[in-house]
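# Topology and contacts: notes
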Amino acid sequence: MENHSSCQMKIETGDAGYVLEDVPHLTDYIPNLPTYPNPLRSNPAYSVVKQYFVDADDTVPQKVVVHKDGPRGIHFRRAGPRQRVYFAPDEVHACIVTCGGLCPGLNTVIREIVCALYHMYGVTKVLGIDGGYRGFYSKNTITLTPKFVNDIHKRGGTIIGTSRGGHDKPKIVDSIQDRGINQVYIIGGDGTQKGAAVIYQEVRRRGLKAVVAGIPKTIDNDIPVIDKSFGFDTAVEEAQRAINAAHVEAESAENGIGVVKLMGRYCGFIAMYATLASRDVDLCLIPESPFFLEGEGGLLEYVEKRLKDNGHMVIVVAEGAGQELLAAESLSSATAQDASGNKLLQDVGLWISDKIKAHFAKQQSMPITLKYIDPTYMIRAVPSNASDNVYCTLLAQSCVHGVMAGYTGFTSGLVNGRQTYIPFNRITEKQNNVVITDRMWARLLSSTNQPSFLRSKDVIEVLKQEESPAPTQLLDGENSKTGGN
Ligand SMILES: Nc1ncnc2c1ncn2[C@@H]1O[C@H](COP(=O)(O)OP(=O)(O)OP(=O)(O)O)[C@@H](O)[C@H]1O
Ligand SMILES: O=P(O)(O)OC[C@H]1O[C@](O)(CO)[C@@H](O)[C@@H]1O
Ligand SMILES: [Mg+2]
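Residues numbered from 1 in each chain as written. Chains lettered and ligands numbered in written order. Predicted model: local features only at pLDDT ≥ 70, side-chain atom pairs only at ≥ 80, totals over all residues. Heavy atoms only, no water.

### Concerning the overall build of the chain
- For the chain, the count of helices and strands is 15 helices and 18 strands.
- In summary, the chain has a C-alpha radius of gyration of 24 Å against a globular reference of 23 Å for 485 residues, a match within 12%.
- Per-residue burial for the chain yields a buried fraction of 56% across its 485 residues.
- At a minimum sequence separation of 6, the contacts of the chain that also span at least 24 residues come to 77%.
- A total of about 20,400 Å² of accessible surface is found on the chain, and carbon and sulfur atoms cover 50% of it.
- Of note, the chain has its 50 positive side-chain charges centred 5 Å away from the centre of its 53 negative side-chain charges. (Helix = DSSP H or I, 4+ residues; strand = E, 2+ residues; numbered from the N terminus. Rg over C-alpha atoms; globule rule 2.2 N^0.38 Å. Buried < 20%, exposed > 50% of the residue type's maximum accessible area, 1.4 Å probe, protein only. Contact = heavy atoms within 4.5 Å. Areas by Shrake-Rupley, 256 points an atom, 1.4 Å probe, with all protein chains shown as cover. Lys, Arg positive; Asp, Glu negative; His and termini not counted. Charge placed at Lys NZ, Arg CZ, Asp CG, Glu CD.)

### Describing the side chain of threonine 408
- Along the chain, threonine 408 falls in the loop between helix 12 (386-404) and strand 17 (410-415).
- Its relative accessible area of 0% is what places threonine 408 among the buried residues.
- In terms of polar contacts, threonine 408 uses its side chain to reach the backbone amide nitrogen of valine 212, at 2.9 Å.
- If we skip the residues at most four places from it in the chain, threonine 408 touches Val23, Pro24, His25, Leu26, Tyr200, Ala210, Val211 and Val212. (Polar contact = N/O pair within 3.5 Å; in protein donor to acceptor, adjacent residues only side chain to side chain.)

### Section: the packing of aromatic side chains
- Under the criterion given, the structure shown has six aromatic pairs.
- Both rings, one in phenylalanine 410 and one in tyrosine 421, keep their centres 4.6 Å apart while their planes meet at 55 degrees; by these two values the pair is tilted. Separated by 11 residues along the polypeptide, phenylalanine 410 in strand 17 and tyrosine 421 in strand 18 (residues 418-423) bring together distant segments of the chain.
- Clustering of aromatic rings is evident, with ring pairs tying together Phe291, Phe292 and Phe453.
- Of note, lysine 209 hangs over the ring of phenylalanine 87, and the distance from its end group to the ring centre comes to 4.5 Å. (Phe/Tyr/Trp six-rings, centres within 6.5 Å; stacked < 30°, edge-to-face > 60°. Lys NZ or Arg CZ within 6 Å of the ring centre and 35° of its normal.)

### Side note on the site of ligand 1
- With respect to spatial proximity, 18 residues lie near ligand 1, and among them Gly101, Gly165, Asp190, Thr192 and Ser340 are the closest.
- With respect to ligand 1, the backbone of glycine 101 contributes an N or O atom lying 2.7 Å from an oxygen atom.
- Aspartate 190 places a polar side-chain atom, nitrogen or oxygen, 2.5 Å from an oxygen atom of ligand 1.
- Contact with the protein chains hides 83% of the accessible area of ligand 1, taken as 630 Å² for the molecule alone.
- For the shell around ligand 1, the element with the highest residue contribution is helix 6 (residues 190-205), accounting for five residues.
- Of the residues belonging to the shell around ligand 1, the class tally is one nonpolar, 12 polar and five charged. (Near = heavy atom within 4 Å. Nonpolar A, V, L, I, M, F, W, Y, C, P; charged D, E, K, R; others polar.)

### Focus: the nonpolar core
- If you look at the biggest cluster of nonpolar residues, it comprises 107 residues, and the most contacted ones within it are Ile96, Ile113 and Phe230.
- Ranked by residue count, the leading element in this core is helix 2 (residues 106-121), at 11 residues.
- Sequence-distant contacts of isoleucine 96, defined by excluding residues within four places in its chain, comprise Ile110, Ile113, Val114, Val126, Leu127, Gly128, Ile129, Leu144, Ile160, Tyr185 and Ile187.
- In terms of nonpolar packing, the next biggest core, distinct from the first, is built from 25 residues, Leu283, Tyr302, Trp351 and Phe453 among them. (Core = buried A, V, L, I, M, F, W, Y, C linked by side-chain atoms within 4.5 Å.)

### A short note on helix 11 (residues 348-363)
- Helix length check: helix 11 (16 residues) gives 23 Å between terminal C-alpha atoms against 22 Å at 1.5 Å per residue, within 8%.
- Val348, Gly349, Trp351, Ile352, Ser353, Ile356, His359 and Phe360 are the residues of helix 11 that are buried.
- In this structure, the buried residues of helix 11 make contact with strand 13 (256-262), strand 14 (283-285), helix 9 (299-310), strand 15 (312-318), helix 10 (323-329) and strand 16 (369-373).
- The backbone nitrogen of glycine 349 lies 3.0 Å from a side-chain oxygen of the residue at the head of helix 11, namely aspartate 347.
- Looking one or two residues beyond helix 11, the residue adopting positive phi is glutamine 364, at roughly 65 degrees. (Expected span 1.5 Å × (residues − 1).)

### Concerning the environment of asparagine 43
- Tracing the sequence through the fold places asparagine 43 in the loop between strand 4 (36-37) and helix 1 (44-47).
- Expressed as a C-alpha distance, the spacing of asparagine 43 and lysine 68, which sit 25 residues apart in the sequence, is 44 Å.

### Thoughts on the pairing of strand 11 (residues 183-188)
- Across the six residues of strand 11, six count as buried, placing the element largely inside the fold.
- Across the two faces of strand 11 the burial is the same, with Gln183, Tyr185 and Ile187 and Val184, Ile186 and Gly188 all buried.
- Running through helix 6, the crossover from strand 11 to the neighbouring parallel element strand 12 (residues 211-216) is right-handed. (Right-handed = clockwise from strand over helix to strand, strands pointing away.)

### Thoughts on the side chain of arginine 426
- Within the fold, arginine 426 resides in helix 13 (residues 424-428).
- Given the relative accessible area of 1%, arginine 426 is considered buried.

### What about the sheet that holds strand 14?
- Strand order in this open sheet of four strands is 14-15-13-16, and the pairing throughout is parallel. Edge positions in the open sheet fall to strand 14 and strand 16, since each of these has one partner strand only. Within the sheet, the average angular offset between the axes of one strand and its neighbour, ignoring direction, is 15 degrees.
- Pairing between strand 13 and strand 16: five bridges, direction parallel. Residue glycine 258 lies in a different strand from strand 16, and its bridge partner there is lysine 371. (Pairing = 2+ DSSP bridges. Axes fitted to C-alpha atoms, helices over the stretch in contact; angles between N-to-C directions.)

### Focus: the site of ligand 2
- Residues in contact with ligand 2, as listed here, are Arg164, Asp220, Met263, Gly264, Arg265, Glu319, Tyr377 and Arg380.
- Between an oxygen atom of ligand 2 and a main-chain N or O atom of glycine 264, the distance comes to 3.5 Å.
- At 3.1 Å from an oxygen atom of ligand 2 is found a side-chain nitrogen or oxygen belonging to arginine 265.
- Burial of ligand 2 by the protein chains amounts to 81% of its free accessible area of 390 Å².
- By residue class, the composition of the shell around ligand 2 is two nonpolar, one polar and five charged.

### Re the packing of helix 2 against helix 12
- Two numbers describe how helix 2 lies on helix 12: the axes approach to 8 Å, and their chain directions differ by 45 degrees. When the axis of helix 2 is compared with that of helix 12, the two are oblique. As helix 2 packs across helix 12, the resulting crossing turns out to be right-handed. Listed contacts from helix 12 to Thr108, Val109, Glu112, Ile113, Ala116, Leu117, Met120 and Tyr121 of helix 2 are Asn389, Cys392, Thr393, Ala396, Gln397, Val400, His401 and Met404.
- The class makeup of the residues in the contact of helix 2 with helix 12 is 10 nonpolar, five polar and one charged. (Parallel < 35°, antiparallel > 145°, perpendicular 65-115°, else oblique. Left-handed = near helix turned anticlockwise from the far one by under 90°.)

Put into C-alpha cells, the structure is as follows:
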C-alpha cells in the first residue's frame, strides 16, 4: 500500500483502486507521545461488548454502488473507540463551540460530548465557548458538566450561543493556547468547518498538542460526503405543520392558494423532502431548478390550470429559489452579505405571492384567495425529534472517540450508514445540492405533477455541469445523498 502524506492530505492507495482519504493524527507532528489503555476497557457497560474497539484498519467506502470492474474508490476511516488513547483523563481540557445558524439537535450534540467525555473517558474539564468563534476571545466561558447539560436536549437552540462572522484565527488559537485547551469540538455548517480547518492548521503550525474536530451541522443539508445532517429530519417534520396549514386554508376558499417559504439558501433539500412527505403540494420551487413566470409552460399558466382542475393549490418555495428573477427586478443590491459572507436573500415567497395576485387581478374572471405562510425560523428553532436525537448521540460519541485516539483535523460524519472521520478538505471543498437530473427530483416532479420549467438552454446548462464533475468526485449522483437513489 502506498502512502502520500502531507499537511493537507493523507492518502493511502491499495489494490483494485482502493483509496483511503485519512485524517491527520497528533503523532504526524508530535513524535513519541505517550499512550494509555482506553478507559472503556474497564467500563462495565462496554467491557462485555464483543469487538467494541474498532480495528485500526477498518474503513468505510464512500461509494457503495459499484460495477464489476470499477475501482473500489474513496474510503474514510471508520469512527469508534480505539484500544489506546493519547490523553490521560486528568490531562484533558476540552471546549465546545457552536457557530452559524441554529439547527435542531445542537443541544443534544453538546450534551452527548460532555457526557461521553465524563462517563466514558473520565474527563472533567469541559468548557462551552459562548456565542460562536468570537466567544474564544471576547467572552467568558461556560463550565459544562453532565448535571448542567442533563435536560438540554429537550430545548431548541444552543445553550452556549452561536454567531456568524468573528473568525479571527490568531486570537482564537491564542485563546486555545493560553487556556491550555487540548481538545476543541467545533459544531457548525460549511463555513464553520472551513474555520475549523484554519484553526487546525494554526494549532499544528504552533506544534500544540491540541486536537481540532468538527461536527457537521446545517438544516440546509448542504454539507457534502455525509448521508445527511442532523436536524434535517426534524426540520422537514416541522415544515409539515406549515404545509398542512397552507393546505387547510387553500382548500377552504374558492381558488385558494397556500404559499409556504422554507429554508434553503443555496439548496432545496428541505423543500424537496417536505413536499415529498406532504403529498398536498402542487408546486415545489428550489434554487437548483430555474423557473419562469409568464407565457406558455410558465408558472402562472400552471397555477391557473391547477386551480381550474382542482380548485386550490399549495406552493412550497425554498428561500433561495428564483433569486436571479428577483435581482433582475430589484433596485436593492443583490450582493448584500451577512457577517460570515453569506448572500442575503430577498423574500421570494412574498414576491411570488404578489406576482400571482397581480396576475389574477388583471384577469378578473378568476378571483383567488392567497395565504402566504413563512415558518422559516420555526423549523430550525425546535428541539430535535427522536431519530435526530439518536443520530446526534452517535455523532458526538464518535467524535469523542476519535479525539481521545489522537486524530485531529477531521469532521465526524455518517457515510453510508457508518460513522467515519472525514478530512476537513473533503467537507469544505464544495457544497451539497439537489441534482435535478437525479431520480429524487424526478420523483418529486411526478408526485406534484408540476412542469420542470426547463427550457432547452437550461437543459444544455445542466448537462454541461454534469459533464464536468469535480476532479475528486467518483460517485454517480453523490450530491443527492439524502434519500439516495
Ligand atoms: N472561509 C472561512 N474561513 C474561516 N472562517 C469562516 C469561513 N467561512 C465562515 N467562517 C466562519 O464560520 C462561522 C460560521 O459560518 P456561517 O455563518 O457561514 O455558518 P455555517 O457554519 O455555514 O452554518 P449554516 O450555514 O448552516 O448556518 C462564522 O463565524 C464565520 O466567520
Ligand atoms: O438569519 P440567519 O441566522 O442568518 O439564518 C438564515 C440562514 O441560515 C440557514 O438556516 C442555514 O444556513 C439558511 O437556510 C438561512 O438562509
Ligand atoms: Mg453555511
